[in-house]
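Listed below are the residues making up each chain.
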Amino acid sequence: MTGVKAYAAVDLGASSGRVMVGRVGPDSLELEEAHRFPNRPVRVPEGLRWDVLGLYAGVLDGLRAAGARSGGRLDSAGIDSWAVDYGLLDADGALLGNPVHYRDGRTEGVAEKVWATVPASELYAATGLQYAPFNTLYQLTAARSSAQLARAERLLLIPDLLTYWLTGEQGTELTNASTTQLIDPRTRDWAHDVAERLGIDLGLFAPLRHPGDPAGVLRPEVLEETGLTGPVPVTAVGSHDTASAVAAVPADGERFAYICTGTWSLAGLELSAPVLTEESRAANFTNELGLDGTVRYLRNIMGLWLLQECVRAWGDPDLGELLREAARVPALRSVVDAGDAAFLAPGRMPERIAEACRASGQPVPESRAEVTRCILDSLALAHRRAVEDAQRLAGHPVDVVHVVGGGTRNALLCQLTADACGLPVVAGPAEAAALGNVLVQARAHGLAGDLAGTRRLLVRTQPLTRYEPRGGTARWRAAEARLAGS
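The structure displayed is predicted, hence computed values, not measured ones.

Some thoughts on the UniProt feature "domain: Carbohydrate kinase FGGY C-terminal" (unreviewed entry) in the chain
Here's step 1: Within the UniProt annotation, "domain: Carbohydrate kinase FGGY C-terminal" (unreviewed entry) is assigned to residues 257-444.
Here's step 2: Helix makes up 45% of residues 257-444 and strand 17%. Its end C-alpha atoms lie 26 Å apart.

See the structure below:
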């Protein structure tokens, strides 16, 4: 196709990675999966770790497959991943051990130590980040006395680490850096006062990059291993996968909320400035940075992790049949708080959900279908609370909720979210993070317009499904009150 360029989007999630080929033309956008590979954390004696070498091998395999689909040439590549985690490098640029997994228990009780130096209210006013026990700031505090951190000369967030191995160049991409709790969302630069008070050396971080900035070219050894014809530039994208996913929300105008669904549900608004009030902190909303000066004002919800863990515990039954059975279970019989950190760790999820229902005096779900319905109702209820709270706290009303990511394939969850919010839900695209990754690369290489323009391209080229709300919101308000009173 004349004028079409091919981009490789490396999109790494908490349970799998994929390399997608995006082909972008003046009025076309196609996405094809080139390679998918598992992302399996490993529990070793010292704790839970990422198999980052396995991930890198998957990236190389994916680039080889992407090149095979594009005649051996790629116009660019970009990497996005989950947030907060990092690798440490020594003075020679060698990795000092496998990166710690954010679900590792090393940060238990660390937040209270941080707040003794920088009170939680001051920390929020300076960084705008919601409390989460695994934020990079808490991880670094937990690692303060470790031999690895003492030897470290450089800290690279996961997508920046993989980019470094591909190109030999180091940088810290801004949207992901904003999840460290060490960035000031007003200045879009480091929060120097916070770091100084907590004894965190910002010199560990490579210089900041912005989405669309060049991040080097593939090293000759990488070209040889992948069979690609060079030069292949690597472009900094919204390297936090949520930043890329929000960039691919097919919205028209500003009056929309979004929910990025997957292992996590990230529900909120796209704003032009952060909301740093004490009320916002108490509601546990975060201000992360997005494309073109935007702020992703959102709340983290446990997401489909709850269902994924149950399915794993049940021996991977047929998900489609499970959802059909769940649709026949009476609505809102039992709900749990899908944002509760009690569900953060892996293991025994069906039993833990049952225990939470029992403790709150609700009917205990017994069958797999009942547990599944409890999870989906609970997620929809959490989506409702997040969308309503965000509008109130930001003074930013919305007319529609856009659901993007893997959860768009779950029609029951999408319909329940529309019902709970009392607003239409537009579901799609499913591969939002990869599409946002591709579109930032295309913009950097002159093939796409501003954020509004890329969203219009998404509307024209991607399949979307609309769900209208049913039945009113009174029963959801009642379930909300029941959960609040439990």
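Regarding the pattern of salt bridges
Here's step 1: For the structure shown, the criterion picks out 32 salt bridges.
Here's step 2: For R281, the salt bridge is made with E278, and the minimal N-O distance between the two is 2.5 Å. Note that R281 and E278 are positioned in helix α11 (residues 278-282) at a spacing of three residues, about one turn of the helix.
Here's step 3: Exposure remark for R281: the relative accessible area of 27% places this residue in the partly exposed category.
Here's step 4: Its salt-bridge partner being D419, residue R470 comes within 3.2 Å of it at the nearest N-O pair. Of the two residues, R470 is situated in the loop between β21 (465-467) and α19 (474-485) and D419 in helix α16 (residues 411-421); the sequence distance between them amounts to 51 residues.
Here's step 5: The class of D419 is buried, set by a relative accessible area of 1%.
Here's step 6: Three or more residues are tied together by salt bridges with common partners; here these are E33, R36, R409 and E431.

Topic: the sheet that holds strand β17 (residues 286-289)
Here's step 1: One open sheet accounts for seven strands, arranged β17-β18-β16-β15-β19-β20-β21; its pairing is mixed. Pairing within the sheet leaves two strands with one partner each, and these edge strands are β17 and β21. Each strand axis lies, on average, 30 degrees off the axis of its neighbour in the sheet, ignoring direction.
Here's step 2: Two elements, strand β16 (residues 265-271) and strand β18 (residues 295-301), share seven bridges in a ladder whose sense is antiparallel. Among the inter-strand pairings, L271 is bridged to a residue of β18, identified as V295.

A closer look at helix α2 (residues 110-117)
Turn by turn, an α-helix covers 3.6 residues, leaving residues three or four places apart pointing in a common direction.
Here's step 1: Within α2, the full set of buried residues consists of V110, A111 and V114. Along the axis of α2, the buried residues cluster in a sector spanning 95 degrees; they form a single face. What points out from α2, more than 90 degrees from its buried face, is the exposed set K113 and A116.
Here's step 2: Looking at the buried side of α2, the elements it contacts are α3 (120-127), α4 (136-142) and α8 (192-198).

Quick notes on the environment of L266
Here's step 1: The residue L266 is located in strand β16 in this model.
Here's step 2: Classification of L266 as buried rests on a relative accessible area of 11%.
Here's step 3: Considered as a pair, L266 and P133 are 133 residues apart in the sequence and their alpha carbons are 16 Å apart.
Here's step 4: Non-local contacts of L266, meaning those with residues more than four positions away in its chain, are made with T242, Y258, I259, C260, L298, R299 and N300.

Here we look at the nonpolar core
Here's step 1: Judged by nonpolar contacts, the single largest core of 131 residues is most densely connected at L162, L166, L306, I353 and V401.
Here's step 2: With 12 residues, helix α15 (residues 368-394) is the largest single contributor of residues to this core.
Here's step 3: Aside from chain neighbours lying at most four places away, what touches L162 is L12, V52, Y56, V59 and I79.
Here's step 4: Listed in part, the 32 residues of the second largest apolar core include L123, L140, A143 and L202.

Focus on the packing of helix α13 (residues 319-327) against α15
Here's step 1: Interaxial distance between α13 and α15 falls to 8 Å at its minimum, and their mutual angle equals 80 degrees. On the basis of the axis angle, α13 is roughly perpendicular to α15. Between α13 and α15, the residues in contact are L322, L323, E325, A326 and A327 and R368, A369, T372, R373 and L376, respectively.
Here's step 2: Among the residues making up the contact of α13 with α15, the classes are represented as six nonpolar, one polar and three charged.

A look at the UniProt feature "domain: Carbohydrate kinase FGGY N-terminal" (unreviewed entry) in the chain
Here's step 1: UniProt records the feature "domain: Carbohydrate kinase FGGY N-terminal" (unreviewed entry) at residues 74-246, using the numbering of this structure.
Here's step 2: Within residues 74-246, the helical portion is 36% and the strand portion 16%, while the C-alpha atoms at the span's ends are 24 Å from each other.

Some thoughts on the side chain of H240
Here's step 1: You can see H240 is positioned in the loop between β14 (233-235) and α10 (241-247).
Here's step 2: For H240, a relative accessible area of 6% translates into the label buried.
Here's step 3: Apart from the residues within four sequence positions on either side, H240 is in contact with S81, W82, A83, E173, T175, N176, T179, E288 and R296.

A closer look at the packing of aromatic side chains
Here's step 1: One pass over the full model with this rule turns up 10 aromatic pairs.
Here's step 2: A centroid spacing of 6.2 Å and a plane angle of 45 degrees characterise the contact between W50 and Y102, whose relative ring orientation is tilted. Of this pair, W50 sits in the loop between β5 (47-49) and α1 (52-68) while Y102 sits in the loop between β7 (86-89) and α2; the two residues are 52 residues apart in sequence, bridging distant segments of the chain. The pair formed by W50 and Y102 is uniform in burial state, with each residue classed as buried.
Here's step 3: Ring centres of Y102 and W264 lie 6.4 Å apart, and the angle between their planes is 50 degrees; on these two criteria the pair is classed as tilted. Of the two residues, Y102 is situated in the loop between β7 and α2 and W264 in the loop between β15 (256-261) and β16; the sequence distance between them amounts to 162 residues. Residue Y102 shares its accessibility class with W264, and that shared class is buried.
Here's step 4: Connected via pairs of aromatic rings, a cluster forms that spans W50, W82, Y102, F134 and W264.
Here's step 5: Sitting over the face of the ring of W305, R103 holds its NZ or CZ atom 3.6 Å from the ring centroid.

Procedures and definitions
Residues numbered from 1 in each chain as written. Predicted model: local features only at pLDDT ≥ 70, side-chain atom pairs only at ≥ 80, totals over all residues. Heavy atoms only, no water. UniProt positions renumbered as here; feature names shortened; annotations may be inferred. Helix = DSSP H or I, 4+ residues; strand = E, 2+ residues; numbered from the N terminus. Salt bridge = Lys/Arg side-chain N within 4 Å of Asp/Glu carboxyl O. Buried < 20%, exposed > 50% of the residue type's maximum accessible area, 1.4 Å probe, protein only. Pairing = 2+ DSSP bridges. Axes fitted to C-alpha atoms, helices over the stretch in contact; angles between N-to-C directions. Arc of directions from axis to C-beta. Contact = heavy atoms within 4.5 Å. Core = buried A, V, L, I, M, F, W, Y, C linked by side-chain atoms within 4.5 Å. Parallel < 35°, antiparallel > 145°, perpendicular 65-115°, else oblique. Nonpolar A, V, L, I, M, F, W, Y, C, P; charged D, E, K, R; others polar. Phe/Tyr/Trp six-rings, centres within 6.5 Å; stacked < 30°, edge-to-face > 60°. Lys NZ or Arg CZ within 6 Å of the ring centre and 35° of its normal.

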